[in-house]
Amino acid sequence: MCRNITELRGLEPAATAEEIAAAARQYVRKVSGINRPSDALADVFETAVAEVADTTARLLGALPARRQPPKTVPPLRRPEVRARLEAGAATPGRPR
């Protein structure tokens, strides 16, 4: 897991719902200390991710435009990360 939450404000094009959800999941994992929730915790974990994603989307929509883009490219925009995710999704039975 990354140590820093991905910066999404000021991206061109704007952050996608997928990028916002990935950042929300990263945040919930970090604050909860849970990387892979058990079946018993899955509902509460996913509810937290959805709430953080909704709040993040509202925040990004309410903030003014940035003068400078973020200093790093979010992971979901990096070709090597996209390729790894697509390869994992193509492998049946492999957890994501």
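Residues numbered from 1 in each chain as written. Predicted model: local features only at pLDDT ≥ 70, side-chain atom pairs only at ≥ 80, totals over all residues. Heavy atoms only, no water.

Asker: With reference to specific residues and values, describe the overall build of the protein.
Answerer: What the protein contains, in helices and strands, is three helices and zero strands. Overall, the protein shows an N-to-C arrangement of helices and strands of α-α-α. Going through the 96 residues of the protein one by one, you find that 18% of them count as buried. The contacts of the protein with a sequence gap of at least 6 include a subset with a gap of at least 24, amounting to 65%. Element-wise, carbon and sulfur atoms account for 55% of the exposed surface of the protein, whose accessible area totals about 7,200 Å². Mean positive and mean negative side-chain charge positions of the protein (16 and 11 charges, respectively) differ by 8 Å. (Helix = DSSP H or I, 4+ residues; strand = E, 2+ residues; numbered from the N terminus. Buried < 20%, exposed > 50% of the residue type's maximum accessible area, 1.4 Å probe, protein only. Contact = heavy atoms within 4.5 Å. Areas by Shrake-Rupley, 256 points an atom, 1.4 Å probe, with all protein chains shown as cover. Lys, Arg positive; Asp, Glu negative; His and termini not counted. Charge placed at Lys NZ, Arg CZ, Asp CG, Glu CD.)

Asker: Pulling in residues and values, what's your account of the environment of Ala 87?
Answerer: Counting through the fold element by element, Ala 87 comes out in helix H3 (residues 79-90). The class for Ala 87 is partly exposed, based on a relative accessible area of 41%.

Asker: Give a detailed account of unusual backbone geometry, specifying residues and quantitative values.
Answerer: Omega for the peptide link from Glu 12 to Pro 13 comes to -10 degrees, which places this bond in the cis form. Locating Pro 13 in the fold gives a position in the segment before helix H1 (17-32).

Asker: Account for a nonpolar patch on the surface, naming residues and giving values.
Answerer: A surface patch of nonpolar side chains, amounting to about 290 Å² of accessible area, comprises Ile 5, Tyr 27 and Val 31. Structurally, Val 31 is set in helix H1. Given a relative accessible area of 56%, Val 31 falls into the exposed group. (Patch = residues over 30% accessible without salt bridge, like charges linked within 9 Å, V, L, I, M, F, W, Y side chains within 5 Å. Salt bridge = Lys/Arg side-chain N within 4 Å of Asp/Glu carboxyl O.)

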